[in-house]
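Here is how the chains run, residue by residue.
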2 protein chains.
Amino acid sequence: MINIAVLGYGTVGSGVVEVIEKNKEMVNKKAAQELDIKYILDLRDFPNDPYGHKVIHDFNQILKDDTVTIVCETMGGTGAAYEFTKQALERGKSVCTSNKELVAKHGPELLSIAKAHSCNYLFEASVGGGIPIIRPLNYSLTAEKIEAITGILNGTTNYILSKMEREGADFEEVLKRAQEKGYAERNPEADVEGYDACRKIAILSSLMLGKNVDSEKIYTEGISKISAADFAYAKAAGKTIKLLARSKTVSEDEVLAMVAPFMIDKEHPLSMVNGVFNAVFVTGNMLGDSMYYGKGAGKLPTASAVVSDVIDCARHPGRVIMCFWEQENIRLADVSLEERSFFIRARAGFQKEIEEAFPGGRLLCLEGREQDFGYFTPVMQENDFTGKYEALADRVLGRIRLL
Amino acid sequence: MINIAVLGYGTVGSGVVEVIEKNKEMVNKKAAQELDIKYILDLRDFPNDPYGHKVIHDFNQILKDDTVTIVCETMGGTGAAYEFTKQALERGKSVCTSNKELVAKHGPELLSIAKAHSCNYLFEASVGGGIPIIRPLNYSLTAEKIEAITGILNGTTNYILSKMEREGADFEEVLKRAQEKGYAERNPEADVEGYDACRKIAILSSLMLGKNVDSEKIYTEGISKISAADFAYAKAAGKTIKLLARSKTVSEDEVLAMVAPFMIDKEHPLSMVNGVFNAVFVTGNMLGDSMYYGKGAGKLPTASAVVSDVIDCARHPGRVIMCFWEQENIRLADVSLEERSFFIRARAGFQKEIEEAFPGGRLLCLEGREQDFGYFTPVMQENDFTGKYEALADRVLGRIRLL
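These numbers were taken from a predicted model, which means no experiment stands behind them. (Residues numbered from 1 in each chain as written. Chains lettered and ligands numbered in written order. Predicted model: local features only at pLDDT ≥ 70, side-chain atom pairs only at ≥ 80, totals over all residues. Heavy atoms only, no water.)

A few words on the overall build of chain A. Across its full length, chain A carries 14 helices and 21 strands. For chain A, whose C-alpha radius of gyration is 23 Å, the value lies close to the compact-globule estimate of 22 Å for 403 residues. Taking the principal axes of the C-alpha coordinates as reference, chain A spans close to 75 × 45 × 35 Å. Residues classed as buried in chain A amount to 61% of the 403 residues present. For chain A, the computed accessible surface area is about 15600 Å², with 47% contributed by carbon and sulfur atoms. In chain A, which carries 48 positive and 57 negative side-chain charges, the distance between the mean positions of the two groups comes to 3 Å. (Helix = DSSP H or I, 4+ residues; strand = E, 2+ residues; numbered from the N terminus. Rg over C-alpha atoms; globule rule 2.2 N^0.38 Å. Buried < 20%, exposed > 50% of the residue type's maximum accessible area, 1.4 Å probe, protein only. Areas by Shrake-Rupley, 256 points an atom, 1.4 Å probe, with all protein chains shown as cover. Lys, Arg positive; Asp, Glu negative; His and termini not counted. Charge placed at Lys NZ, Arg CZ, Asp CG, Glu CD.)

All names here are of chain B. Read from one edge of the open sheet, six strands run β3-β2-β1-β4-β5-β6, paired in parallel fashion. Each edge of the open sheet is held by one strand with a lone partner, namely β3 (55-56) and β6 (121-122). Taken together, the four bridges between strand β4 (residues 68-73) and strand β5 (residues 94-97) define a ladder with parallel strand orientation. For I70, the partnering residue across the bridge sits in β5 and is S94. Against the sheet, helix α1 (residues 11-22) contacts β1 (2-7), β2 (35-41) and β4, and its axis sits at roughly 155 degrees relative to β1. Sheet contacts for helix α12 (residues 299-315): β1, β2, β4, β5 and β6; angle to β5, the most-contacted strand, approximately 160 degrees. (Pairing = 2+ DSSP bridges. Contact = heavy atoms within 4.5 Å. Axes fitted to C-alpha atoms, helices over the stretch in contact; angles between N-to-C directions.)

Moving on: the relation of the copies chain B and chain A. Structural alignment of chain B on chain A gives an RMSD of 0.0 Å, achieved by rotating through 180 degrees and translating 0.0 Å along the axis. The symmetry that links the two subunits is that of a two-fold axis. The C-alpha atom lying nearest the rotation axis in chain B is that of Y292(B); the distance is 2.5 Å. Comparing interface residues between copies, 100% of those in chain B also lie at the interface in chain A; the contact surface is shared. (Least-squares fit on C-alpha atoms with pLDDT ≥ 70 in both.)

This next bit is on the interface of chain B and chain A. Facing 50 residues of chain B, the contacting portion of chain A comprises 50 residues. Both sides together, the interface formed by chain B and chain A hides about 4500 Å², and carbon and sulfur atoms give 55% of it. On the chain B side of the contact with chain A, M272(B), M286(B) and Y293(B) bury the most area, a combined 15% of that side's loss. The salt bridge involving E267(A) is made with R166(B); its shortest N-O contact spans 2.9 Å. If you look at where chain B meets chain A, you find 15 residue pairs in polar contact (both at pLDDT 80 or more). Of all the elements in the fold, those that place two or more residues in the side of chain B that touches chain A are α1, α2 (24-31), α6 (134-140), β12 (277-284), β13 (288-295) and α12 of chain B. Its residues assigned to classes, the side of chain B that touches chain A comprises 24 nonpolar, 14 polar and twelve charged. For strand β13 (residues 288-295) of chain A and β13(B), the ladder comprises five bridges, and the chain directions are antiparallel. (Buried area = accessible area lost by both parts, 1.4 Å probe. Salt bridge = Lys/Arg side-chain N within 4 Å of Asp/Glu carboxyl O. Polar contact = N/O pair within 3.5 Å; in protein donor to acceptor, adjacent residues only side chain to side chain. Nonpolar A, V, L, I, M, F, W, Y, C, P; charged D, E, K, R; others polar.)

Okay, the UniProt feature "active site" (unreviewed entry) in chain A next. Residue and element names in this part refer to chain A. The positions that UniProt labels "active site" (unreviewed entry) are, in the present scheme, K200. Looking at where K200 falls in the secondary structure, it is placed in helix α10 (residues 195-209). In this structure, K200 is in contact with K100, S126, V127, G128, L153 and N154, ignoring residues within four places of it in sequence. (UniProt positions renumbered as here; feature names shortened; annotations may be inferred.)

Glancing now at unusual backbone geometry. Positive phi is not limited to glycine here, since S118(A) has a value of about 50 degrees. Of note, S118(A) is situated in the loop between α5 (100-116) and β6 (121-122). Phi is positive for A32(B), which is not a glycine, with a value near 65 degrees. Residue placement: A32(B) occurs in the loop between α2 and β2.

The next subject is helix α1 (residues 11-22) of chain A. All names here are of chain A. Along its twelve residues, α1 runs 16 Å from first to last C-alpha, staying within 8% of the 16 Å computed at 1.5 Å per residue. Restricting attention to buried positions, one finds in α1 the residues V12, G13, S14, G15, V16, V17, V19 and I20. Close packing links the buried residues of α1 with β1 (2-7), α2 (24-31), β2 (35-41), β4 (68-73) and α12 (299-315). (Expected span 1.5 Å × (residues − 1).)

This part is about the pattern of salt bridges. Residue and element names in this part refer to chain A. Evaluation of the coordinates by the stated rule reveals 63 salt bridges over all chains. We note a salt bridge from D312 to R135, for which the minimum N-O separation is 2.9 Å. Placement of the pair is D312 in helix α12 and R135 in helix α6 (residues 134-140), with a sequence separation of 177 residues. Pair check on accessibility: D312 and R135 agree, each one buried. R345 serves as the salt-bridge partner of D372, at 2.8 Å between the closest nitrogen and oxygen. Here D372 is found in strand β19 (residues 372-376), whereas its partner R345 is found in strand β17 (residues 342-347), with 27 residues between them in sequence. Comparing D372 with R345, the two get one shared label, buried. Among the charged side chains, a network of salt bridges with common partners joins E221, K248, E338, R340, E382, R399 and R401.

On to helix α4 (residues 80-90) of chain A. Within the sequence span of α4(A), burial applies to A81(A), Y82(A), F84(A), T85(A), A88(A) and L89(A). Just beyond α4(A), the residue with positive phi is G92(A), at close to 80 degrees.

Residue and element names in this part refer to chain A. For S126, the position within the fold is in the loop between β6 and α6. Placed 25 residues apart in sequence, S126 and E101 show a C-alpha to C-alpha distance of 8.3 Å. Residue contacts for S126: discarding those within four places in its chain leaves T97, S98, N99, K100, V103, K200 and I203. A polar contact of 2.7 Å, which involves the side chain of S126, links it to the backbone oxygen of F123.

The following block contains the structure:
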């Protein structure tokens, strides 16, 4: 029997208990032994909860109990969660987490502590909730040089963009409704400004490269400037708009990483990823393209991913199974040197100026829209584009990168 | 160092050598030691091949060499491949294969021989070539009760159907062109009649259930009756047509498995899987839906999957890592008792008869098509449908199930 402690009895933590209990037979079979939840750590009491009697308030009790070999950290944050994780790993207890903030901030340190103490720090649930992606990268694509990863990694923004596309509604309006329904936080900044997706692509990139990608240095642009008008033009061009988190190996020492809204072709598999679903598109040098799709968040999908990590730990007592990455930061390539095509939405009447600034592009006028027009530039360096775009000042209304 | 033998130096076998050589550094890092190809078994000689000096003709040389601990079986077939695999496993050598025929026919036996000799029989490449799906089922979805698997599992038929959809061409015409280009075999039966997809869904279902699903008993229908006209109606209804391999848990002792063309909604993620790409859509009781997408075949994608198995073996010397399934056959549910809606294409003039036979359905007439019309029946039992459909004799031109 393996004793488990769950840190934090909130949404994900209670989900972990639910998954282990509901799928007991399957979970024990896959773990090849019985898993038992011995402690649940929380500041609160849960007198009416069926597992309320397992709730304790002192982490030391868990730390000192040598029969507890696996800890699920579902508290979130980088304060107590960091301390508890570190202490558990130092005692040789494996830690399975859904805490992407902590993994993005202290991943390499915690991985090396785990390695030094022959236990594991696993975080399948930290990227893409219910999409198995960390383990495929760690176990399945092992014969591959991964060249690029492109992901839809945030459920809230994907829900908002999907709604905007379907209903022709504007950002503010859809965000407000999403907040009312609980699909977006009251302070939605971390999601809509792309910070959440940024942390996740930092984790995936670090795994891909074996070196640390500093999430704070990744170019990040959110979706708050995307409008219903942009979607009207995208639709007419057979495209849609998605918030993509991208990472591309430039050389062994350099990676290009960014988070930004992109216009993508309706033929691209990522264009089909709608609502709260997320997906990760991976390009390997032998395998070519592959894609992993699933629910990006939610209590049970996230908890199921945490429990799959617990099972993996249970199967490998005393063995380090996770590929770790070095603490050294890898160099990030300058996004502005990338070449691509851009979509511009501009005020009516300035067609000539736009065509002169970006010769050889493609004009897109929509019937019934008198106030603006669309324009697709030829492929050009972002630097070059930005200079010319900014010089057009208030003649232009917005721009979106093309994939 | 780990010595490897490759059995069969054809397309996949030479791909395995290529992947191990080209991605040497990455492969050795992931395997945590150096992998070396010691022997290549083939009947032919390859005097001009850079690895020609490794080619041998006698399997016993491999069998008796105790330094060879991993064997890649890329011969195909169920004759010599079966004998060699069995003998290798009995000597404690792990076997990694792309041979779906052999896995579907002798999987449980070979898995139990491997288990008895503390080695592994791995077959990631046998289902969906470059899509990592066996390992996610084995390692990632471990906390899940898998309720259903729906896959596009055959590249040739998916290529043909995608072409038919895009070009409005008929089956025979597209097949002929696919054969000319080498995308379809000269004898295309195994692909177009669904037998290949059937073997693959048998393997996935067996893994899902832990009991053997006999591929020869799975209801299997190919795509040769699908016409350009069917695609015209599908398109008008916002749908497309895909050859799906499905498996659904009915109870612990019973599974519903089938291979047949289905009309699916353009909103369904599987509708986006085009050309030689394949995908597996998995429904778990906690995770909900997830999907795995990639190249279903091809030299390097398939070889990459074989090598990922080799790496997994190298990481786990003397350890059984594969979930095995029992040899006992599980009961297959009667497909004709399933309930669903059907699309019917019928000869012009018989609208009344169709509506009387299947009241409450939806008529679909296309401008410019005088000779026939389409009709979507309400949800009904397949048994019931078939009786009524057959009674309409030559008034009907074809029928396709709806997902």
